[in-house]
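Tertiary structure, described
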Amino acid sequence: MKKVALVTGGTDGIGYSISSKLLEKDVFVIATYASNEEKAWESKQEFAKISSNFQIIKSSNNVEKDVVSLANIIKKQFGKLDFLINNAGISKSNISLKMSMEEWDRVLDVNLTGTFLTSKNMAPLLFKSTTPSIVNISSQVGTYGNIGQANYAAAKAGIFGLTHTLAQEFSKKKVRVNSVAPGFVETKILTEIPENLVEKRKERILLNRFAEPEEIANVVYFLVSEDSSYINSTTINVDGGIAF
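In this report, the structure presented in the accompanying data block is examined. (Residues numbered from 1 in each chain as written. Predicted model: local features only at pLDDT ≥ 70, side-chain atom pairs only at ≥ 80, totals over all residues. Heavy atoms only, no water.)

In terms of strand pairing, strand E2 (residues 28-33) meets strand E3 (residues 54-58) through five bridges, oriented parallel. Of the residues in E3, the one forming a bridge with Thr 32 is Ile 57. Handedness of the β-α-β unit built from E2, helix H2 (residues 37-50) and E3 comes out right-handed. (Pairing = 2+ DSSP bridges. Helix = DSSP H or I, 4+ residues; strand = E, 2+ residues; numbered from the N terminus. Right-handed = clockwise from strand over helix to strand, strands pointing away.)

Printed below as a string of structure tokens:
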């Protein structure tokens, strides 16, 4: 039976590349998006060039009724879920002294609470798989912080702890839970960070460039594949090497 993957935020940025990679590997992909209808339509056209084994569903990872409904759809259609990639995330940058509670709450809600809600509600479906794996997309910002991103850093740091906890709780059901921590990636999120800060970050990268989304997708696929069958409760840094 074909493997089934859920990629939250799977129609844009890193999520789009992850969905594409899984489709190339003959995995049935359910890619979600929260609001960008135009981008979802564009991704549908691109995915169809790779495979017909996909669905694109509008669903917000931080809205529990949406997540429950999505779990019911997957259960009815497939009866299981093999891979969950918690990728959906947003950024609302502002220095801490000026950051509003709306900016703080919104980023924590989507990036951290959404990861928890999706993992919780998809777990029973993962338990029915013979090769269940969760990959949470965190960030190097969660380790080192970044000016203007206190909310994003806190959420991504929280994902590290959540990953270790879920790995322990789900271990009896053979679900592997890992995280990937990219450095800066060539996606639209870079446009929300002051250019001078972006350049300073690039200077600290040993490879002297930012990652392409496909390079993150390659690591995610490795973590859900049997090639990583003994990797669990681990974070893989994909940052090009950081010089201090």
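And the narrative resumes.
Bringing the nonpolar core into the picture now. Ranked by internal contacts, the top residues of the largest apolar core, which has 25 residues, are Ile 18, Leu 22, Ile 85, Val 135 and Val 180. Among all residues touching Val 180, those that are not within four sequence positions of it are Val 135, Asn 136, Ile 137, Ser 138, Ser 139, Ile 216, Val 219, Val 220, Leu 223, Ile 236 and Val 238. (Core = buried A, V, L, I, M, F, W, Y, C linked by side-chain atoms within 4.5 Å. Buried < 20%, exposed > 50% of the residue type's maximum accessible area, 1.4 Å probe, protein only. Contact = heavy atoms within 4.5 Å.)

To continue, consider the pattern of salt bridges. The full count for this structure, using the stated rule, is seven salt bridges. The salt bridge partner of Lys 49 is Glu 46, with a shortest N-O separation of 3.1 Å. Of this pair, Lys 49 and Glu 46 both sit in helix H2, three residues apart, which is roughly one turn of the helix. On the basis of relative accessibility, which here comes to 64%, the residue Lys 49 falls in the exposed class. Close ionic contact of Lys 65 with Asp 66 constitutes a salt bridge, the shortest N to O distance being 3.4 Å. (Salt bridge = Lys/Arg side-chain N within 4 Å of Asp/Glu carboxyl O.)

With that settled, consider empty space enclosed by the protein. Over the atoms rolls a probe the size of a water molecule, and its path tells where empty space is left. Under the definition given, this model contains two cavities of 30 Å³ or more. Each pocket or cavity is described by its volume, and for the largest cavity that value is around 90 Å³. Considering the residues around the largest cavity, the lining is formed by Gln 140, Val 141, Gly 183, Phe 184, Arg 201, Arg 204, Ile 205, Asp 239 and Ile 242. Residues that form the lining of the largest cavity fall into these classes: four nonpolar, two polar and three charged. (1 Å grid on protein atoms, 1.4 Å probe; cavity = no way out; pocket = protein on both sides within 12 Å on 5 of 7 lines; lining within 4 Å. Points joined across faces, edges and corners; volume = space filled by probe spheres on them. Nonpolar A, V, L, I, M, F, W, Y, C, P; charged D, E, K, R; others polar.)

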